[in-house]
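# Report on the structure
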Number of protein chains: 2
Amino acid sequence: MLIPTTKEAPSDATLISHKLLVRAGFIQSSGGSGLYNLLPLGKIVLDRVRAVIKEELDRAGCQEVHLPIVTPISLWDETGRSNKFGDELLRFRDRHKNQFVLSPTNEEAMVNLVRQSLKSYKQLPINVYQINWKFRDEIRPRFGLMRAREFLMKDAYSFHSSREDMVREFELMEETYKRIFRRLGLDFRVVEADSGAIGGSGSKEFMILADSGEDTIMVCESCEFGANVEVLSEENSTCPECGSNLKRTKGIEVGHIFQLGTIYSKPMRAEFLNQNQKLEPFIMGTYGIGVSRIIPATIEQNHDEAGCIWTDETAPFRVDIIVAKPKDGRQMEVAEEIYSGLREAGVSVILDDRADKRYGFGVKIKDFELIGFNYAIVVGKDIESGKVELIRRDGLKREKIEIADILERVR
Amino acid sequence: MLIPTTKEAPSDATLISHKLLVRAGFIQSSGGSGLYNLLPLGKIVLDRVRAVIKEELDRAGCQEVHLPIVTPISLWDETGRSNKFGDELLRFRDRHKNQFVLSPTNEEAMVNLVRQSLKSYKQLPINVYQINWKFRDEIRPRFGLMRAREFLMKDAYSFHSSREDMVREFELMEETYKRIFRRLGLDFRVVEADSGAIGGSGSKEFMILADSGEDTIMVCESCEFGANVEVLSEENSTCPECGSNLKRTKGIEVGHIFQLGTIYSKPMRAEFLNQNQKLEPFIMGTYGIGVSRIIPATIEQNHDEAGCIWTDETAPFRVDIIVAKPKDGRQMEVAEEIYSGLREAGVSVILDDRADKRYGFGVKIKDFELIGFNYAIVVGKDIESGKVELIRRDGLKREKIEIADILERVR
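What you see is a predicted model; the values in this text were computed from it and never measured.

All names here are of chain A. Across the sheet, which stays open at both edges, the three strands sit in the order β4-β6-β5 with antiparallel pairing between neighbours. For this open sheet the edge positions go to β4 (70-72) and β5 (90-93), each flanked by a neighbour on one side alone. Within the sheet, the average angular offset between the axes of one strand and its neighbour, ignoring direction, is 40 degrees. Pairing geometry for β5 and strand β6 (residues 99-102), over four bridges, is antiparallel. Looking at β6, one finds that Arg 91 is bridged to Val 101.

All right, on to empty space enclosed by the protein then. Under the criterion given, the structure shown has five cavities of 30 Å³ or more. Space inside the largest cavity adds up to approximately 70 Å³. Lining the largest cavity are His 66, Leu 67 and Pro 68 of chain A together with Leu 35, Tyr 36, Leu 38, Trp 133, Leu 145, Ala 148, Glu 150, Phe 151 and Ser 292 of chain B. Across the lining of the largest cavity, the residue classes tally to nine nonpolar, two polar and one charged.

All right, on to the relation of the copies chain A and chain B then. Expressed as a screw operation, the relation of chain A to chain B combines 0.0 Å of axial shift with a rotation of 180 degrees, fitting to an RMSD of 0.0 Å. On the angle and the small slide along the axis, the relation comes out as a two-fold axis. Scanning chain A for the C-alpha nearest the rotation axis identifies Phe 92 of chain A, at a separation of 3.1 Å. Taken as a fraction of all interface residues of chain A, those also at the interface in chain B reach 98%, which identifies the copy contact as same-surface.

Residues and elements named next belong to chain A. You can see Asn 106 is positioned in the loop between β6 and α5 (107-115). Overall, the relative accessible area of 2% leaves Asn 106 in the buried class. Separated by 3.2 Å, the side chains of Asn 106 and Asp 155 make a polar contact.

Moving on to the environment of Glu 399 of chain B. Residues and elements named next belong to chain B. Turning to its location among the elements, Glu 399 is positioned in strand β23 (residues 397-402). Apart from residues no more than four positions distant in its own chain, Glu 399 is found in contact with Val 388, Glu 389, Leu 390 and Arg 409. A distance of 2.6 Å separates the side chain of Glu 399 from the side chain of Arg 409, its partner in a polar contact.

When you tally the buried positions in strand β8 (residues 150-160) of chain B, you get 11 out of 11 residues, the bulk of the element. With burial as the criterion, each face of β8 of chain B is covered, one bearing Glu 150, Leu 152, Lys 154, Ala 156, Ser 158 and His 160 of chain B and the other bearing Phe 151, Met 153, Asp 155, Tyr 157 and Phe 159 of chain B.

Bringing helix α7 (residues 294-301) of chain B into the picture now. Across the eight residues that make up α7 of chain B, a large majority, seven, are buried. Residues Ile 294, Ile 295, Pro 296, Ala 297, Thr 298, Ile 299 and Glu 300 of chain B constitute the buried set of α7 of chain B.

Time to look at the domain arrangement of chain A. In many reports, interface size means the accessible area that the parts give up when they come together. All names here are of chain A. When the domains of chain A are assigned, the result is domain 1 (16-304) and domain 2 (319-410). For domain 1 versus domain 2, the separation of C-alpha centres amounts to 39 Å. Taken together, the six residues of domain 1 in the interface contact five residues of domain 2. In total, about 470 Å² of surface goes out of reach between domain 1 and domain 2, with carbon and sulfur atoms giving 63% of it. If you sort the residues of domain 1 by the area they bury against domain 2, Ala 24, Leu 41 and Asp 304 come out on top, with a joint share of 63%. Taken together, the links from domain 1 to domain 2 amount to one salt bridge. With its nearest N and O atoms 2.7 Å apart, the salt bridge here joins Asp 304 to Arg 393. At the junction of domain 1 with domain 2, the criterion picks out one residue pair in polar contact (both at pLDDT 80 or more). Each residue belonging to the side of domain 1 that touches domain 2 can be placed in one class, and the counts come to four nonpolar, no polar and two charged.

On to unusual backbone geometry, then. The step from Leu 124 of chain A to Pro 125 of chain A runs through a cis peptide bond, and the omega angle for that step is -5 degrees. If you trace the backbone, Pro 125 of chain A turns up in the loop between α5 and β7 (126-135). A positive phi is found at Arg 269 of chain B, a non-glycine position, where the angle reads about 50 degrees. Structurally, Arg 269 of chain B can be placed in the loop between β13 (246-261) and β14 (271-273). A relative accessible area of 66% means that Arg 269 of chain B is categorised as exposed. For Gln 277 of chain B, which is not glycine, the phi dihedral falls at a positive 60 degrees. Here Gln 277 of chain B is to be found in the loop between β14 and β15 (279-281).

Residue and element names in this part refer to chain A. One pass over the structure, following the stated rule, counts 72 salt bridges over all chains. Residues Asp 356 and Arg 358 are paired through a salt bridge, measuring 3.2 Å at the closest nitrogen-oxygen approach. For Asp 382, the salt bridge identified is with Lys 400, shortest N-O distance 3.5 Å. Here Asp 382 is found in the loop between β21 (375-379) and β22 (387-392), whereas its partner Lys 400 is found in strand β23 (residues 397-402), with 18 residues between them in sequence. For Asp 382, a relative accessible area of 25% translates into the label partly exposed. Through salt bridges with shared partners, one network takes in Arg 48, Glu 55, Glu 56, Arg 59, Arg 179, Arg 183 and Glu 313.

This part is about the interface of chain A and chain B. Across the boundary between the two partners, chain A contributes 55 residues, which contact 55 residues of chain B. For the pair chain A and chain B, the two sides together bury roughly 4700 Å², of which 55% comes from carbon and sulfur. Of all residues in chain A, Leu 2, His 66 and Arg 95 of chain A give up the largest surface area on contact with chain B, accounting jointly for 15% of the area buried on that side. Summed over the shared surface of chain A and chain B, the result is six salt bridges. Measuring nitrogen to oxygen at the nearest pair gives 2.8 Å for the salt bridge that ties Lys 122 of chain B to Asp 356 of chain A. Here the element with the most residues in the side of chain A that touches chain B is β7 of chain A; it accounts for five residues.

Criteria and cut-off values
Residues numbered from 1 in each chain as written. Chains lettered and ligands numbered in written order. Predicted model: local features only at pLDDT ≥ 70, side-chain atom pairs only at ≥ 80, totals over all residues. Heavy atoms only, no water. Pairing = 2+ DSSP bridges. Helix = DSSP H or I, 4+ residues; strand = E, 2+ residues; numbered from the N terminus. Axes fitted to C-alpha atoms, helices over the stretch in contact; angles between N-to-C directions. 1 Å grid on protein atoms, 1.4 Å probe; cavity = no way out; pocket = protein on both sides within 12 Å on 5 of 7 lines; lining within 4 Å. Points joined across faces, edges and corners; volume = space filled by probe spheres on them. Nonpolar A, V, L, I, M, F, W, Y, C, P; charged D, E, K, R; others polar. Least-squares fit on C-alpha atoms with pLDDT ≥ 70 in both. Contact = heavy atoms within 4.5 Å. Buried < 20%, exposed > 50% of the residue type's maximum accessible area, 1.4 Å probe, protein only. Polar contact = N/O pair within 3.5 Å; in protein donor to acceptor, adjacent residues only side chain to side chain. Domains from an automatic or database assignment. Buried area = accessible area lost by both parts, 1.4 Å probe. Salt bridge = Lys/Arg side-chain N within 4 Å of Asp/Glu carboxyl O.

Here is the structure:
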């Protein structure tokens, strides 16, 4: 497996997640600023995160579609965003001189999809989403995947015949997002937010707590309340919900949900026939998750001096089997038995059987700590007494366990 | 579920697959020429095809990575393809005036990934692939997904220390591709091909047989031999392998495998240290599959007057339960029991319970035939005698069966 670990961090890397993800062989520069190749381990982590998001959205009744990344600028002209959006919107012409954008977000394209597809209040509500690569021409892309120019985003859009129904869906999405981030094992807060460039009113952000976060948030010491500092006056130091103290902390934005209303549907004449056979603009909500950004955010929150510490749902493999001496036939045999047993039991597992003299035992342990699989199982001379060493990555606690107990311990 | 079926085909559609995929609500125009939105059913079919491809490639030892679609033109300058590739290569500049291409293929980017990641013959061979959207600025995009400007492609690249090992991998990929297309239930031929613009020598194409195919191929009446007509002289009417007659037929290219040699690695100085510690360029192979193209190709091969006929592995749902009178409480109850029972047994199933008067029984049957699920189960008045009607889409054979036998019949 292609896992090119290295001691060298990129010279431009300042964030620990950027350094560790490159050093541990998850990502590498593609040669363009702010553009990254995902290596096999990075692709596995991304697929795992994506699968959790899809599962929870589908369970909540959302429907997945796919839009091209190349979008006719004529759609953006309908809302006037082609002028309002600055240089982050990459524009280009095709061979026939028609103008397009590389989509950084897809409100117009999704409104267009829905206005072409349904007409009646009877077909509402509907919540359609895609998980697709987007492009934002950042002036100074840095921080690795955290602020890459090409990034994977889940963008969902809901369409309703009444404001109340849109608010119901907004609340359902808030609960769905909480399920997603809880399943991913992340420490997060939902905060009241400013609605920013996308417009609309009523919006909440999902923040992964990390000291390196770009956003400053105020969180209540007693209840779940939190708010982006932008929406609270600085003097406001007590919780508006329970009166307890608010404390200042840092977060990384990984999700954002908005109540949009009709600000896109009106200019785009995206309308449905209501119960009185009158045309009305769709009432909309929009719900984003920065899918590729969850990878560095997870590491900003979960790492130590030695490397990455993935959560159960984000780890590229749950177990790393380290063979102390791969040239020892008996050790290899036991390692392969453990490997097959775990695979059969549905545990994701990788076998580090590198035998070249450059990859001694110490290198394998260092790679385990740097990459951050949930557990290592060291197959060494203890096998004579039926034992292996089990190391839990989070905390690096080591203990000798019976081979027969492995599955129970790592499951 | 958003399935906007319609009687109207797009006015520019000439291919039957283009007409049917739009009419059955799988795809729709995104507003840009040659750019298509995948609606929920289209996304499901694409995901199913993609999953089969990934499973077989992973089984064969390939490793999935992900490259950005935006590629620095500097990589294409290294091989000189930035000049050789015509207007189909979409070029643009970012806000800093740096030049990029929207990748139509990724030889350079993948060679760059590998030369940055490994150095020694001991780390070879390796076969890395991605399944990602690509862009080709077709002068006259038409034929729907068959020749879209933005399309999903699986592109794999293998790296070896010897020509023999590359040929071994080429043969493994030929077998892997055969497994993939067999699993997808498609009637296909592997044909000797011209190596075209990508260069190199030794190449085979995978053709889905269909009267509307753009490629003319000669296939042997007795053995497996086939060749693109471009590589055979017109007079050549006997099989070079067994001497039987060759007959002319049409195919749609959905896969292509090449023996590349060093034509990319040499100019890009992508080298490894051989056993004598000397630098040598990687010896390469490349292997493509037109993932999104498989969708229309499947329909070109499998349709009738009434609509699409998906194969077992490509159908968006295996079973469509049609409730004749959704307002009949007993019918709905039985339909929902069948629905739950099939879901629990792992059979993908959709329940057509549309109750609006516009959606009478005839409309539901027509939609079933147009969309092309593998089976319909009609829940109507026969439930009084414990029966439903089973319709197999391929052939439209109808029969009354016991409710208790449904699972056995549709599994």
